[in-house]
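# Residue-level structure breakdown
Next come the chains, spelled out residue by residue.
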Amino acid sequence: MSACRRMLYLVKHRSLLTHVRRNLTTWSPVGAAFNARPHRKLDLFQKNVGLFGVPELSCPAGFQVATEKALKNTEHLVEKAYSSSPGVQTVQCFDQLSDELCKVADLADFIKVAHPDPAFREAAEKTCIEIGTVVEKLNTNVELCKSLKNLLDNPDIVAQLDPDTRRVADLFMFDFEISGIHLDDTLRKEAVALHVKLLDLNNEFLVRSHMPNRIARSAIPEHLHLHFATEGSFIQIGGLHADSPNDLVREIAYRIYLYPNAELMGCLEELLKCRYKLATLVGYESYGHRALKGTMAKTPGYYTSLFFFSHNRDIFIIQYNIEPSLYSPYLSLGSCMEGLNNLFSQLYGVSLMSEQPRAGEVWSEDVRKLAVVHETEGLLGYIYCDFFHRQDKPHQDCHFTIRGGRQCQETGQYQLPVVVLMLSLPHPTKGAPTLLTPGMMENLFHEMGHAMHSMLGRTRYQHVTGTRCATDFAEVPSILMEYFATDYRVISQFARHYETGQPLPESMVARLCESKKVCGAADTQLQIFYAVLDQIYHSKPQNRSTTEILKDMQQKFYGLPYTPNTAWQLRFSHLIGYGAKYYSYLMSRAVASMVWKQCFIEDPLNREMGERYRREMLAHGGAKEPMLMVEGMSNLFATNTDRISCLPTNICKAPFCANSLRFRHSSYPGFLPDYGVVSPLASCHI
């Protein structure tokens, strides 16, 4: 973007500054945009451009139109793949086919959980199922597979492929193989039927795992009613209220929200059975073995030693608590977004620029749109920020890919990536902007790490764009951002009191960093418990209930006893997008820690290191083997012991101490940090 154009942009958005109460300083345009209350100009003559600018999606019925259009284009591309001569054009055709389906399915996958209008959610859900069914049929299409096999079986042609094209071709073939392409017609049909059934079960579990539980108002002390939503004569509890300073509120929320639901329990049990049946049908020992093929871990046995090694480490006590509310005035949403903008500008030469969405482009009035602009490369893509709590919105912080980046052979243009970041923050008030706790700020940085992975991963093929990489690598960029979020050299650039403009004292930042060591190893132990539970669920059938398994694993791998009449696993929504792969958080945290210590700890704002990080790790998406990217960045081959040594070791023997519990909200089962790149159709292979 030219200097002149940048100046015009700043002048255009100067009015935002008048909407923010400041005494001693002013915010940048992006900071002002997020600290101001939404104010959309009413234009009765402005055309509805449809969700994300897709014209068909100006109404719920448009999803069927978009679906039919995508499926028609898919038929044409399948015929093209059948008839094309083996070569790079084969891989390009496959990627275009994948893009045609995914850019509708991925968008629908987000809308079905996030749109406030039930009609839109229902229409999007139907699209997900319809396209998902087609995808599974394509993944077992023998003729389509042959067209790719003809390429990969010809050594002369393969030798002419560039590394990215070769890897994408191998990944498409891998998708055929794990879907059962080698089976006879009868078994292939059975595999497709299981896939389709799993689409339904995945969707049911994902939606219902976020639904509130309710209890009669008379069962709760009257003075606590104000802490919960009400519905007639019932109290609705839609979360764990982990940040509440009231012990009784947290206990009530824990017991009611996690109370077992028989129908949902049946859904989970059936889901796990179907996954195991599918995995064994296509030739794997368990679903875990199938899911880990192609990851850094390779097999379930790889990280078993890591779990047990970490679980048995020596522990010691640190007593250091903080009060999150003391930090919130310095962490307005606008200041944090300004801090992210400054960080990305210094590391990558990238700016976040607020844009006014067009009519019908967003699903809620409080959604903000950011253009991501590089100082020399220009526009890189768009981030839609769905940050605020609303009714029926999942209490989950996550990143959704709406459209992947790719080089379009048919137009010669680069298809810009589009993503959504979804948080559940409090709304601004008349007297103050949205104020974040340290935990909220860290989650924001985490999710923005996913978004920048999507923006800076300029791959030729959308099949490997951005976060479409091995799951145990996808969390590395986001977890690395957490280290920046607690470094004073970064925080000091943006953490200012929203009224006085005073910077956050360095002593408070030091306490914040020390508080992270409180229960640090307990958090690691908790993550090990989650990962082991996930693996046991996806191993061979246990012939016992999921609750019995949870109780047993909690006793073995976590120091706190199981609470009777609770079923935390029914809120473990990561079982859908991260089934058999929850260990990825532990592995990614270890890799991110190594990268931080070797590359950024001396100077977190070093442009040369930022460019190297983009070049070696972010730019490739999934087009390069994960460990090759790690080695290229850190100049070493990371062993299992290296990764273990990077996990937290400090632990507090009283993880229920109120202040640390409210800050580190994952301090016991149920307080799962809602990180993730969640998309059940991320397995939209073709």
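Residues numbered from 1 in each chain as written. Predicted model: local features only at pLDDT ≥ 70, side-chain atom pairs only at ≥ 80, totals over all residues. Heavy atoms only, no water.

### Details of the overall build of the protein
The helix and strand tally for the protein stands at 28 helices and ten strands. The 686 residues of the protein split such that 59% are buried. At a minimum sequence separation of 6, the contacts of the protein that also span at least 24 residues come to 75%. Here the protein displays about 27300 Å² of accessible surface, and carbon together with sulfur accounts for 54% of that area. (Helix = DSSP H or I, 4+ residues; strand = E, 2+ residues; numbered from the N terminus. Buried < 20%, exposed > 50% of the residue type's maximum accessible area, 1.4 Å probe, protein only. Contact = heavy atoms within 4.5 Å. Areas by Shrake-Rupley, 256 points an atom, 1.4 Å probe, with all protein chains shown as cover.)

### Things to note about the packing of aromatic side chains
The geometry of an aromatic ring pair is captured by the separation of the ring centres together with the interplanar angle, meaning the angle of the planes. One pass over the full model with this rule turns up 26 aromatic pairs. For the pair Phe-344 and Tyr-348, a centre-to-centre distance of 6.1 Å together with 25° between the ring planes defines the contact as stacked. Highlighted residues: Phe-344 and Tyr-348, both in helix α15 (residues 333-348), separated by four residues, approximately one helical turn. Owing to a relative accessible area of 1%, Phe-344 belongs among the buried residues under this scheme. Ring geometry for Phe-529 and Trp-568: centres 6.5 Å apart, planes at 35°, overall tilted. (Phe/Tyr/Trp six-rings, centres within 6.5 Å; stacked < 30°, edge-to-face > 60°.)

### Points about the side chain of Ser-454
In this fold, Ser-454 is placed in helix α16 (residues 438-456). If we ignore the near neighbours within four places in the chain, the residues touching Ser-454 are His-399, Thr-401, Pro-417, Val-419, Gly-466 and Thr-467.

### Thoughts on the pattern of salt bridges
Enumeration over the complete set of coordinates arrives at 33 salt bridges. Across the pair Lys-149 and Asp-153 runs a salt bridge, and its minimum N-O distance is 2.7 Å. Arg-390 is the salt-bridge partner of Asp-386, the closest N and O atoms lying 2.8 Å from each other. Judged by its relative accessible area of 10%, Arg-390 is buried. Taken together, the shared-partner salt bridges connect Asp-99, Lys-103, Arg-406 and Glu-410 into one network. (Salt bridge = Lys/Arg side-chain N within 4 Å of Asp/Glu carboxyl O.)

### Overview of the confidence of the model for the protein
Averaged over all residues, the pLDDT of the protein equals 86, while 85% of them reach at least 70. In the predicted structure, residues 308-317 sits below a pLDDT of 50 and forms 22 contacts with residues beyond four places in sequence or in another chain. Contacts for the low-pLDDT stretch residues 649-686, under 50 throughout, to residues beyond four places or in other chains number 170 contacts. (pLDDT = per-residue confidence, 0-100.)

### Focus on the sheet that holds strand β3 (residues 234-237)
With respect to topology, three strands assemble into an open sheet ordered β1-β3-β2, the strand pairing being antiparallel. The outermost strands of the open sheet, each flanked by one partner alone, are β1 (213-216) and β2 (229-231). Strand-to-strand, the axes of this sheet are offset by a mean angle of 35°, without reference to chain direction. Sheet analysis places β2 next to β3, joined by three bridges and oriented antiparallel. Directly across from Glu-231, in β3, lies its bridge partner Phe-234. (Pairing = 2+ DSSP bridges. Axes fitted to C-alpha atoms, helices over the stretch in contact; angles between N-to-C directions.)

### Focus on the side chain of Glu-447
Position of Glu-447 relative to the elements: it lies in helix α16. With no salt bridge to any partner, buried Glu-447 finds its closest opposite charge in Arg-589, at an N-O distance of 10 Å. Within polar-contact distance, the side chain of Glu-447 engages the backbone nitrogen of His-399 at 3.5 Å. (Lys, Arg positive; Asp, Glu negative; His and termini not counted. Polar contact = N/O pair within 3.5 Å; in protein donor to acceptor, adjacent residues only side chain to side chain.)

### Notes on the pairing of strand β7 (residues 398-403)
Summarising burial for β7: five of the six residues are buried, a large majority. Across five bridges, the pairing between β7 and strand β10 (residues 418-425) is antiparallel. Across the sheet, the residue bridging to Arg-403 is Val-418, located in β10.

### Describing the packing of helix α3 (residues 62-83) against helix α5 (residues 118-138)
Running from N to C, α3 and α5 point in directions that differ by 15°, and their axes come no closer than 9 Å. On the basis of the axis angle, α3 is roughly parallel to α5. Note that α3 runs across α5; the crossing there is right-handed. Counted together, Phe-63, Gln-64, Thr-67, Leu-71, Thr-74 and Val-78 of α3 and Phe-120, Ala-123, Ala-124, Thr-127, Glu-130, Ile-131, Val-134 and Leu-138 of α5 form the full contact between these two elements. Here the residues of the contact of α3 with α5 sort into nine nonpolar, four polar and one charged. (Parallel < 35°, antiparallel > 145°, perpendicular 65-115°, else oblique. Left-handed = near helix turned anticlockwise from the far one by under 90°. Nonpolar A, V, L, I, M, F, W, Y, C, P; charged D, E, K, R; others polar.)

### Observations regarding the environment of Leu-77
Relative to the helices and strands, Leu-77 resides in helix α3. Look at Leu-77 and you get buried, because its relative accessible area is 3%. Spatially, the C-alpha atoms of Leu-77 and Leu-97 are 6.0 Å apart, while their sequence positions differ by 20 residues. Contact partners of Leu-77, with chain neighbours within four places excluded, come to Cys-93, Gln-96, Leu-97 and Glu-100.

### Describing the packing of helix α18 (residues 476-485) against helix α24 (residues 584-600)
Contact pair α18 / α24: the axes reach a minimum separation of 8 Å and the direction vectors enclose 55°. By the angle class used here, α18 and α24 are oblique. Handedness of the α18/α24 crossing: right-handed. Seen from α18, the contacting residues are Val-476, Ile-479, Leu-480, Glu-482, Tyr-483 and Phe-484; seen from α24, they are Tyr-585, Ser-588, Arg-589, Val-591, Ala-592, Ser-593, Val-595, Trp-596 and Phe-600.

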